[in-house]
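# Architecture at a glance
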Amino acid sequence: APEVTEILVLEMGGAYALGELTLLASIARPTVGVVTNVYPVHLERMGTIEAIARTKAELVEALPPDGVAVLNGDDERVRAMAAGVEGRVITYGLNRDNDIRADSVTTEGLEGTTFWVTIDGDRLFLKVPFVGAHGVQIALVAIATGHSFGMHISEMLVGLNDPSVQVRLLFVQGPNGAQLIDDTYNASTPSMLSSLGLLADLRGSSGRRVAVLGEMRELGPVAEEEHRVVGRRAGEVADIVVTYGGLAYLIAAEARSMPRSGDKPLRVQSFELEQRQELVDFLRAELRHGDIVLLKGSRGLQMEQFVAALRADADAAGIDLGATPTSRPVNEA
């Protein structure tokens with residue numbers, strides 16, 4: 001880092017064993033430590049979710065007495081890490097007992113998300129460019145971290161209102177006027193459910209929602225049940241479910257089992273790992289103007305290649321997406 005650096009942001013993730021974050025913290029010597037969640041991912045490496053929590057706790061336990069731990073207070077395992085912090089603790093989330101909390105979250109389609117935030121006794125109305133209800137969590141952890149450095153909310157809004165800060169999730173043109181939600185960076189059960197929640201919030205001009213879901217890897221002994229959980233939600237949300245690779249067939253099976261309301265049947269199609277081209281060809285033939293299409297799966301599946309192929313079709317055709325998807329309130333709490 002250059003000599004003039006004021007704040008350096010480092011990601012300390014991907015630990016394979018207890019003690020690794022302790023080692024990294026001894027090198028970086030952080031003064032602020034942020035823990036966002038403890039999810040059952042990487043169970044093949046760590047064995048149990050308790051081991052994952054224990055590993056993540058090493059970060060905040062390494063903070064100095066004048067340090068600050070920023071913790072997701074809605075996650076019980078993360079909140080429990082406060083007991084091992086020598087310095088100050090700031091919690092964030094939707095629950096009322098958090099130091100920094102949000103309520104009345106409303107998604108506004110591609111226009112972003114609005115909510116009320118309570119910080120230092122003040123209640124403020126914010127609009128951020130993050131798409132989907134899960135975007136409020138991104139905003140809250142940013143606000144809590146800025147608050148730990150003594151920043152005022154007015155200073156933080158400059159960054160939060162920058163449309164270029166959308167994290168990992170992109171909206172791009174697809175074939176035949178469909179709109180793609182490119183969330184192919186990685187996948188776990190919570191992130192899958194979050195993305196399916198976003199798909200539920202959006203509706204294109206045709207009204208069809210399409211979920212293209214790849215398998216989730218490194219889930220260890222809970223892998224089958226976690227894929228079934230995702231499948232049940234996909235069956236509730238989507239009009240077309242397309243699965244890709246490995247245990248993703250369980251997503252398809254559970255989606256088919258879900259009862260449907262109204263007269264719109266669910267269509268389900270599954271593809272194996274070697275059927276990459278067949279999957280792209282299916283989407284090219286099936287998608288139409290106004291469809292909203294979510295693509296998400298584990299990093300190793302390289303599903304961004306599907307997005308690239310479908311985007312190329314749209315670019316070649318010079319397609320105009322037309323109407324922006326609409327949305328609905330997430331909660332009125």
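What you see is a predicted model, and the numbers here were worked out from it, not measured in a lab.

With that settled, consider the overall build of the protein chain. Along the protein chain, the regular secondary structure elements total 11 helices and 12 strands. Sorting the 333 residues of the protein chain into buried and exposed places 48% on the buried side. Considering only residue pairs separated by 6 or more positions, the protein chain has 65% of its internal contacts joining residues 24 or more positions apart. Taken as a whole, the protein chain presents about 15,600 Å² of accessible surface, with 52% of it coming from carbon and sulfur.

With 6 of 6 residues buried, strand β9 (residues 209–214) is to be regarded as a mostly interior element. Relative to strand β10 (residues 240–244), β9 is paired through 5 bridges, and the arrangement is parallel. Looking across to β10, one finds that G214 is bridged to Y244. As a crossover connection, the stretch from β9 through helix α8 (residues 223–237) into β10 is right-handed.

The next thing to look at is the nonpolar core. Core analysis: the largest hydrophobic core is formed by 26 residues, its most contacted members being I181, L196, L199, L213 and V230. Among the elements of the structure, α7 (189–201), β9, α8, α9 (248–257) and β12 (292–296) are those that each provide at least two residues to this core. In terms of residues, this core owes the most to one element, α7, which gives 5 residues. Among the nonpolar cores identified, the runner-up in size contains 23 residues, and I100, V105, L126 and L160 belong to it.

What follows is about the pattern of salt bridges. A full pass over the atoms with the stated rule returns 15 salt bridges. Between R232 and E254 there is a salt bridge; the shortest N-O distance is 3.3 Å. With R232 in helix α8 and E254 in helix α9, the pair connects residues that are 22 residues apart, well separated along the chain. By relative accessible area, which is 30% here, R232 ends up partly exposed. Looking at E254, the relative accessible area reads 13%, which means it is buried.

In this model, the protein chain carries an average pLDDT of 85, and 86% of its residues clear a pLDDT of 70 or more. Within the protein chain, helix α2 (residues 43–46) has the poorest average pLDDT of any element, 63, and strand β2 (residues 68–72) the best, 97. Considering only residues more than four positions removed or in separate chains, one finds that residues 319–333, a stretch of pLDDT under 50, has 43 contacts.

On to the sheet that holds β9. The 6 strands are arranged β7-β8-β12-β9-β10-β11 in an open sheet whose pairing can be described as mixed. Edge positions in the sheet fall to β7 (170–173) and β11 (267–271), since each has one partner strand and no second. With strand direction ignored, the average angle separating the axes of adjacent strands in the sheet is 20°. Along the sheet, α9 contacts β9, β10 and β11; its crossing angle with β10, the most-contacted strand, is approximately 160°. Running over the sheet, helix α10 (residues 276–286) touches β9, β10 and β11 and is turned about 165° from β10.

Now for the sheet that holds strand β3 (residues 88–93). Strand-to-strand pairing in sheets goes through backbone hydrogen bonds, with the strands running parallel or antiparallel. The strand order β1-β2-β3-β4-β5-β6 describes an open sheet built from 6 strands, whose pairing is mixed. If you trace the sheet from one side to the other, it starts and ends with β1 (32–35) and β6 (122–128), each paired once. The sheet shows a mean angle of 20° between the axes of neighbouring strands, taken without regard to direction. Strand contacts of helix α5 (residues 135–148): β1, β2, β3, β4 (100–107), β5 (113–119) and β6, with the helix running at about 160° to β3, the strand carrying the most contacts.

Bringing unusual backbone geometry into the picture now. Residue D120 is not a glycine yet carries a positive backbone phi of 55°. Along the chain, D120 turns up in the loop between β5 and β6. For Q302, which is not glycine, the phi torsion reads 55° and is therefore positive. Of note, Q302 is situated in the loop between β12 and α11 (304–317). Residue Q302 is classed as partly exposed on the basis of its relative accessible area of 38%.

Orientation of α8 relative to α9, taken along the N-to-C sense of each, is 45°, at an axis distance of 7 Å. When the axes of α8 and α9 are compared, the pair comes out oblique. Relative to α9, the crossing made by α8 is right-handed. Here E224, H227, R228, V230, G231, R232 and G235 of α8 lie close against α9, whose contacting residues are A248, L250, I251, E254 and A255. Taken together, the residues of the contact of α8 with α9 break down into 5 nonpolar, 3 polar and 4 charged.

Turning our eyes to something else, we now look at a nonpolar patch on the surface. Taken together, the side chains of I7, V9, F149 and M151 define a hydrophobic patch exposed on the protein surface, amounting to about 380 Å² of accessible area. Here V9 shows up in the segment before α1 (20–28).

Calculation rules
- As a convention, each chain's residues are numbered from 1 in the sequence order in which they are written.
- Local features in this predicted model are restricted to residues whose pLDDT is 70 or higher, and side-chain atom pairs enter the listing and the counts only when it is 80 or higher, whereas totals over whole chains, interfaces and linings include all residues.
- Neither water nor hydrogens contribute to the side-chain values; these are computed over all heavy atoms in the structure.
- A run of H or I in DSSP counts as a helix once it spans at least four residues, and a run of E counts as a strand once it spans at least two, with each numbered from the N terminus.
- Each residue gets one of three labels from its accessible area relative to the maximum for its type: buried under 20%, exposed over 50%, partly exposed in between, using a 1.4 Å probe on protein chains only.
- Residue contacts are defined here by distance: any two heavy atoms, one from each residue, within 4.5 Å place the two residues in contact.
- Working definition of accessibility: Shrake-Rupley area with a 1.4 Å probe, residue cover restricted to the visible protein chains.
- Think of it this way: DSSP has to see at least two bridges between two strands before they count as a pair.
- Think of it like this: strands point away, you trace from the first strand over the helix to the second, and a clockwise trace means the crossover is right-handed.
- We define the nonpolar core as a collection of buried residues of types Ala, Val, Leu, Ile, Met, Phe, Trp, Tyr and Cys that are connected through side-chain atoms lying within 4.5 Å of one another.
- Within this document, salt bridges are pairs made up of a side-chain nitrogen of Lys or Arg and a carboxyl oxygen of Asp or Glu, the two lying within 4 Å of each other.
- A score from 0 to 100, pLDDT tells how confident the predictor is in each residue.
- Axis geometry follows a simple rule: fit a line to the C-alpha atoms, using only the stretch in contact for helices, then measure angles between N-to-C directions, giving values from 0 to 180 degrees.
- An angle below 35 degrees is treated as roughly parallel, one above 145 as roughly antiparallel, one from 65 to 115 as roughly perpendicular, and anything else as oblique.
- For any helix crossing, the convention is left-handed if the near helix is rotated counterclockwise from the far helix by under a right angle, and right-handed if that rotation is clockwise.
- Following the grouping adopted for this structure description, the nonpolar residues are Ala, Val, Leu, Ile, Met, Phe, Trp, Tyr, Cys and Pro, the charged ones are Asp, Glu, Lys and Arg, and the polar ones are all others, Gly among them.
- For patches, a residue must show more than 30% relative accessible area and have no salt bridge; joins then use 9 Å for like charges and 5 Å for nonpolar side chains, namely Val, Leu, Ile, Met, Phe, Trp and Tyr.

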